[in-house]
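Structural overview for review
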Amino acid sequence: MSDEKEIDYSLANPDTLTKYRVAATISEKVLAAVSKLCVAGEKIVTICQKGDKLIEDEVSKVYRTTKLKGFSHPTTVSPSSYVTPYTPLTSDTAEANIELQPGEPVKIQLGAQIDGFGSIVCDTIIVPPKDQAQEVVTGRTADLLLANYYANELLLRLMIPPGLLAGGSDEEKAKAAAVKAPTQTKITSLLDKVAKTYECNLVESTTSWLFDRNEIEGKKKIVIAPAEGTKGEGTPEVGEVWGVEMGMSLGSGKVKTIDQRATLLRRTSNTYILKSQTARKTLSTIQSKFGHFPFSLRQLEEEGGDTKYKVGVYEGVRQGVLRQYELVGDKDGAPVARLLTTIAITKNGITKLGAPPALDLSKVQSDKKITDEEILKILEQPLSKNKGKSKNKKKKKPAKKAAGGDDNAEDDSDDE
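Residues numbered from 1 in each chain as written. Predicted model: local features only at pLDDT ≥ 70, side-chain atom pairs only at ≥ 80, totals over all residues. Heavy atoms only, no water.

**Concerning the confidence of the model for the protein chain**
- A residue-level look at the protein chain finds 90% of positions with pLDDT of 70 or above and a mean pLDDT of 89.
- Long-range and interchain partners of residues 389-396, a stretch whose pLDDT sits below 50, account for six contacts in this model, where long-range means more than four residues apart.
- Throughout residues 406-416 the model reports pLDDT below 50, and contacts reaching past four residues in sequence, or to other chains, amount to 41 contacts. (pLDDT = per-residue confidence, 0-100. Contact = heavy atoms within 4.5 Å.)

Given below as structure tokens:
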């Protein structure tokens, strides 16, 4: 126990950042593979199973002597109006037969962890018809994707501590650093302007969390468009890792609980000695395989094929040692888009530790564009300090052109 206290798990330890990066590489690789599996007619449960197998295979290839590694989030594929991650059970015939529909926006979320340092990613893709290439996205679906993309780019820049990337004299840098970070009310207000530009709405209570070792819901959080009785806590600082989430809806943005069984759970930090031997055995399996990261009931089914695990899960939830994530969807049944990026905030700015691929703006076309000068100015800002130009790096297009619908605009974010 004393040895663990002496280990520096902060970003000041290069090993920590390396482990995050390895987890990120796996998460992004599997996300790309799962995205290709998402075609019309494919069963969601089959895609989730294949995604989980890919994560396990990739994790097994790295840090072979490290026992604490695996999932930071199981593979989930959420249909059009679903807001939260969805992972059906093979034992539930109705849910196991749910197939992807052509043209619907689905949210893919998954993640890997090495030594407790997790990278979670989420992307929204439009399901292509089977055996057909994805066509150019237009109309309201394009509005949804673009609103979510630019709002996400804006949010990432609003996460940068004031003055961190400031140039000029020491006096100018000090003046920039003295500026207060935007309040969470201000953040929601700016993001809402992007949403309204594309005639969309922010998804209620979209939350970004502070990450830590073995923890994806830390002491700080940013809550966008908070529901009544909810609020965020704290501001981002150098040395922190965050899971940054953005959600956008073609409906009102209000959400409702979906009348389906919650299949995504997570071990809490609460301690309680469960009464039944079955429950204790189930909790032991969860702890050894998933630690404090989310897992799917389907994974428990496939782990042992023993239906008694349900009794253990029920008792664990009842006693607060397990948390179940209720399924939530758009109140109007409208299409929803989500993105989730894992970032580190360093002295050089934001480093992406797992991110969805940049939206191909040449394939998403809308007649709407951002004109608000305050937002365009923020979108022009880099995510990190320029540490030298790469010979192979394409010249970036100004955010004003990109947000205005320049089909050839490049994403100006940098993962360094």
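**Description of the pairing of strand β3 (residues 117-126)**
- Counting buried residues along β3, ten of its ten residues qualify, which places the element largely inside the surrounding structure.
- Taking every second residue as pointing to the same face, both faces of β3 are buried, with F117, S119, V121, D123 and I125 on one and G118, I120, C122, T124 and I126 on the other.
- For strand β2 (residues 105-114) and β3, the ladder comprises ten bridges, and the chain directions are antiparallel. Bridging across to β3, I114 finds its partner in F117.
- The loop that links β2 with its antiparallel partner β3 comprises two residues; one of these, D115, has a positive phi angle of about 60°. (Buried < 20%, exposed > 50% of the residue type's maximum accessible area, 1.4 Å probe, protein only. Helix = DSSP H or I, 4+ residues; strand = E, 2+ residues; numbered from the N terminus. Pairing = 2+ DSSP bridges.)

**Overview of the packing of aromatic side chains**
- On inspection of all chains with the given rule, the structure shows six aromatic pairs.
- Arranged with centres 6.3 Å apart and planes meeting at 50°, the rings of F71 and F290 form a pair that is tilted. Placement of the pair is F71 in strand β1 (residues 69-78) and F290 in helix α8 (residues 277-290), with a sequence separation of 219 residues.
- Of the residues examined, F290 reaches a relative accessible area of 2% and is grouped as buried.
- In textbook terms, an aromatic cluster arises when at least three aromatic residues are bridged by ring pairs, as seen for Y9, Y20 and F117.
- Over the ring of Y9 we find R213, and its NZ or CZ is 4.0 Å from the ring centre. (Phe/Tyr/Trp six-rings, centres within 6.5 Å; stacked < 30°, edge-to-face > 60°. Lys NZ or Arg CZ within 6 Å of the ring centre and 35° of its normal.)

**Let's talk about unusual backbone geometry**
- Residues other than glycine seldom take positive phi values, yet Y63 does so here, at roughly 45°.
- Residue placement: Y63 occurs in the loop between α3 (44-60) and β1.
- The partly exposed category is assigned to Y63, whose relative accessible area is 29%.
- The phi dihedral of D115 is positive, around 60°, even though this residue is not glycine.
- In this structure, D115 sits in the loop between β2 and β3.

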